[in-house]
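Each chain, written out:
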Amino acid sequence: MMNEAAPVRPRAILLLCAVVAIIEGFDLQAAGVAAPRLAPALGLTPGQLGLFFSAATFGLIFGALAGGRIADLYGRKAGLVISLTLFGLFSILTAFAYSFETLFAARFLTGVGLGGALPNLVAIAAESSGPERRASAVSTMYAGMPAGGAVAAMVSMAGLHGDWHTIFIVGGAAPLLVVPLLLAFLPRLRVAPDHAGEQGAGRALGVLFGGGNGARTLLLWAGFFFSLLVLYLLLNWLPALLVSRGLTPGEAGAVQIALNLAGALASLAAGRAMDRSDRPATVAIAFAALLAALAYLGLMPASVGFAIAGGAFVGAAIIAVQAILYGLAPTFYPAALRGTGVGAAVAAGRLGSVAGPLLAGVLVAGGRSPVQVLMALIPIALAGGIATFLLVRMPRVEEIGGR
């Protein structure tokens, strides 16, 4: 809940949140950009490189849970500043890693900071606007994530990142430079004092699962898990799948840029649709588009034009789905425990982001073709769509007397 003594500047708040989201999106793809030069420099085996990629994702799970609790106990602003400082410092330390062990530890702790920031960003964006514009506010913030990913892909394609150290130094310096701006301009956002005594673990579990909330929470977790499984499989494996079908690495990189840029635009559109249109219909359209996009990617001719169109199509659909879920998450929990609820949902989704690349690896190792890998995602996306459609038909907290 926003401190009434603090000035309310919704546009300035959203701008700061979007900048932080861009930085997060950039850093999430920094490992992939650095990997071709990092692996030979440190003598990493393929197994160690895979663990390096997974380190930040595992950190994100723990960070999302911790960041959500910090947001509720000590305020959104404090939670965001702590998370950004952590992820900035350890991203810079990643650049000075001298062994696999130090690299893994630094990247894991970077992920903890990244994960902690997201529930705070969602809560801040949701609470900076009234209920009638909440989805638009959250989707505006979330659009920064794919935009940051597009910047990372462009840096990689243009070869602007120098040696592998540079991208981690830049990715770590950026959040540290933003922290003073947050301290100076972000209003102090906190929960109401009369709820401070109710925020123990038992209270949190009660809000997540008690009083009929269990179905909402489980459906929200399922929506996040299945959609992030699809998203991270595509982010990690789509370039390799396209190259195996005859595209060059540069052309595959262009597809990734199209995916991210279309996703950023679709995030904005999805938030507006959720605020202004029939919500179940918006969810149904978004997931139907995702199913169609996956089928298109699997069946399209192996040419760069069709691939870029397919990347844009699937990027718009999957990021729209993500924007919808992030917009829905804060509406199902009261303000005093909104950070905890959103953090738990983000953590559930991050389990999907771990499972997605692993699933693709198993399928490819088992001899599945790129078409078969992409088609295997269709029932997974459908499961996420069913969970989200059921969820969006349930009453939100402002409709059942919460805040």
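Scroll up to find the structure this text is about.
Parameters at a glance
Residues numbered from 1 in each chain as written. Predicted model: local features only at pLDDT ≥ 70, side-chain atom pairs only at ≥ 80, totals over all residues. Heavy atoms only, no water. Helix = DSSP H or I, 4+ residues; strand = E, 2+ residues; numbered from the N terminus. Buried < 20%, exposed > 50% of the residue type's maximum accessible area, 1.4 Å probe, protein only. Contact = heavy atoms within 4.5 Å. Areas by Shrake-Rupley, 256 points an atom, 1.4 Å probe, with all protein chains shown as cover. Axes fitted to C-alpha atoms, helices over the stretch in contact; angles between N-to-C directions. Parallel < 35°, antiparallel > 145°, perpendicular 65-115°, else oblique. Core = buried A, V, L, I, M, F, W, Y, C linked by side-chain atoms within 4.5 Å. Salt bridge = Lys/Arg side-chain N within 4 Å of Asp/Glu carboxyl O. Phe/Tyr/Trp six-rings, centres within 6.5 Å; stacked < 30°, edge-to-face > 60°. Patch = residues over 30% accessible without salt bridge, like charges linked within 9 Å, V, L, I, M, F, W, Y side chains within 5 Å. Left-handed = near helix turned anticlockwise from the far one by under 90°. Nonpolar A, V, L, I, M, F, W, Y, C, P; charged D, E, K, R; others polar. Lys, Arg positive; Asp, Glu negative; His and termini not counted. Charge placed at Lys NZ, Arg CZ, Asp CG, Glu CD. Expected span 1.5 Å × (residues − 1).

Enquirer: Could you clarify how one ought to interpret the overall build of the protein in this entry?
Expert: Scanning the protein from N- to C-terminus turns up 15 helices and zero strands. Within the span of the protein, comprising 403 residues, buried residues form 55% of the whole. Sequence separation of at least 24 residues holds for 86% of the intrachain contacts in the protein that already meet a minimum separation of 6. On the protein, roughly 15000 Å² of surface is accessible, and the fraction owed to carbon and sulfur atoms is 72%.

Enquirer: Would you mind showing me how to read the packing of helix 6 (residues 134-142) against helix 11 (residues 249-276) here?
Expert: Axes are the key here: two packed helices are described by the angle between their axes and the distance separating the axes. It is at 7 Å that the axes of helix 6 and helix 11 come closest, and there the two elements cross at 170 degrees. It follows from the interaxial angle that helix 6 and helix 11 lie roughly antiparallel. Residues Arg134, Ala135, Ser136, Ser139, Thr140 and Tyr142 of helix 6 touch helix 11, and the partners they reach there are Ser267, Leu268, Gly271, Arg272, Met274 and Asp275.

Enquirer: Hey, could you run me through the nonpolar core in this one?
Expert: The nonpolar side chains of soluble globular proteins are, as a tendency, buried together. Counting 92 residues, the largest nonpolar core has Leu80, Met141, Leu182, Leu290 and Leu377 as the members making the most contacts within it. Per element, the largest residue contribution to this core is 13 residues, and it comes from helix 10 (residues 213-244). Residues Ala39, Ala97, Ala152 and Ile167 belong to the second largest nonpolar core, which totals 20 residues.

Enquirer: Even after reading the chapter, I still don't get the pattern of salt bridges, so can you show me in this structure?
Expert: As a working rule, side chains carrying opposite charge can pair if their charged atoms are close by. Across all of its chains, the model carries five salt bridges by this definition. The partner of Asp27 in a salt bridge is Arg107, and the shortest N-O contact between them spans 3.1 Å. With Asp27 in helix 1 (residues 10-28) and Arg107 in helix 5 (residues 100-127), this pair connects stretches of sequence that are 80 residues apart. Note on Asp27: relative accessible area 0%, which makes it buried.

Enquirer: Can you walk me through the side chain of Ser83 in this structure?
Expert: Here Ser83 is to be found in helix 4 (residues 76-94). Ser83 sits in the buried class, given a relative accessible area of 7%.

Enquirer: Help me understand the packing of aromatic side chains, please; the structure alone is not making it clear to me.
Expert: Working definition: an aromatic ring pair is given by the centre-to-centre distance plus the angle between the planes. On inspection of all chains with the given rule, the structure shows nine aromatic pairs. Considering the side-chain rings of Phe224 and Tyr326, the 5.0 Å spacing of their centres and the 75 degrees angle between planes classify their relative orientation as edge-to-face. In this pair, Phe224 sits in helix 10 while Tyr326 sits in helix 13 (residues 304-328), placing the two residues 102 residues apart along the sequence. Like Phe224, the residue Tyr326 is buried in the burial classification. Taken together, the ring pairs in this structure connect Phe52, Phe53, Trp164 and Phe168 into an aromatic cluster.

Enquirer: Honestly, the environment of Leu28 in this entry has me stumped. Any pointers?
Expert: With respect to the helices and strands, Leu28 occurs in helix 1. Owing to a relative accessible area of 23%, Leu28 belongs among the partly exposed residues under this scheme. Put simply, Leu28 and Met145 are 117 residues apart on the chain and 8.9 Å apart in space, counted from C-alpha to C-alpha. What Leu28 contacts, discounting residues up to four positions off in sequence, is Leu60, Arg107, Leu114, Met145 and Tyr232.

Enquirer: Could you clarify how one ought to interpret a nonpolar patch on the surface in this entry?
Expert: On the surface, Leu382, Ile386, Phe389 and Leu390 cluster together into a nonpolar patch covering about 340 Å² of accessible area. Note on placement: Ile386 falls in helix 15 (residues 370-392).

Enquirer: How should the packing of helix 10 against helix 11 be read in this particular structure?
Expert: Contact geometry for helix 10 and helix 11: axes closest at 9 Å, N-to-C directions at 145 degrees. Helix 11 is crossed by helix 10, and the crossing has right-handed handedness. Touching Leu234, Leu235, Leu238, Pro239, Leu242 and Val243 of helix 10 are Pro249, Ala252, Val255, Gln256 and Leu259, all from helix 11. A class-by-class count of the residues in the contact of helix 10 with helix 11 yields ten nonpolar, one polar and no charged.

Enquirer: Before we go on, may I ask you to explain the environment of Pro146 in this structure?
Expert: As for its placement among the helices and strands, Pro146 is situated in helix 7 (residues 144-158). In contact with Pro146, not counting residues within four places along its chain, are Asn260, Gly263, Ala264 and Ile319.

Enquirer: How do you make sense of the environment of Leu86 when you look at a structure like this?
Expert: Along the chain, the position of Leu86 falls in helix 4. Between the alpha carbons of Leu86 and Gly172 there is a distance of 9.3 Å; along the sequence they are 86 residues apart. Once residues within four sequence positions are removed from consideration, Leu86 is found in contact with Leu109, Val112 and Gly113.

Enquirer: So what exactly am I meant to see when it comes to a positive patch on the surface here?
Expert: Among the surface-exposed residues, Arg11, Arg133, Arg272 and Arg276 lie close enough to one another that they form a single positively charged patch. Secondary-structure assignment places Arg276 in helix 11.

Enquirer: Help me out: how do you make sense of helix 14 (residues 338-365) in this one?
Expert: Helical periodicity: at 3.6 residues per turn, an α-helix aligns residues three or four positions apart in one direction. Taking 1.5 Å of rise per residue, the 28 residues of helix 14 would be expected to cover 40 Å, and the 41 Å separating its terminal C-alpha atoms lies within 8% of that figure. Positive phi shows up at Gly367, right after helix 14, with a value of about 90 degrees.

These figures capture arrangement, not role.
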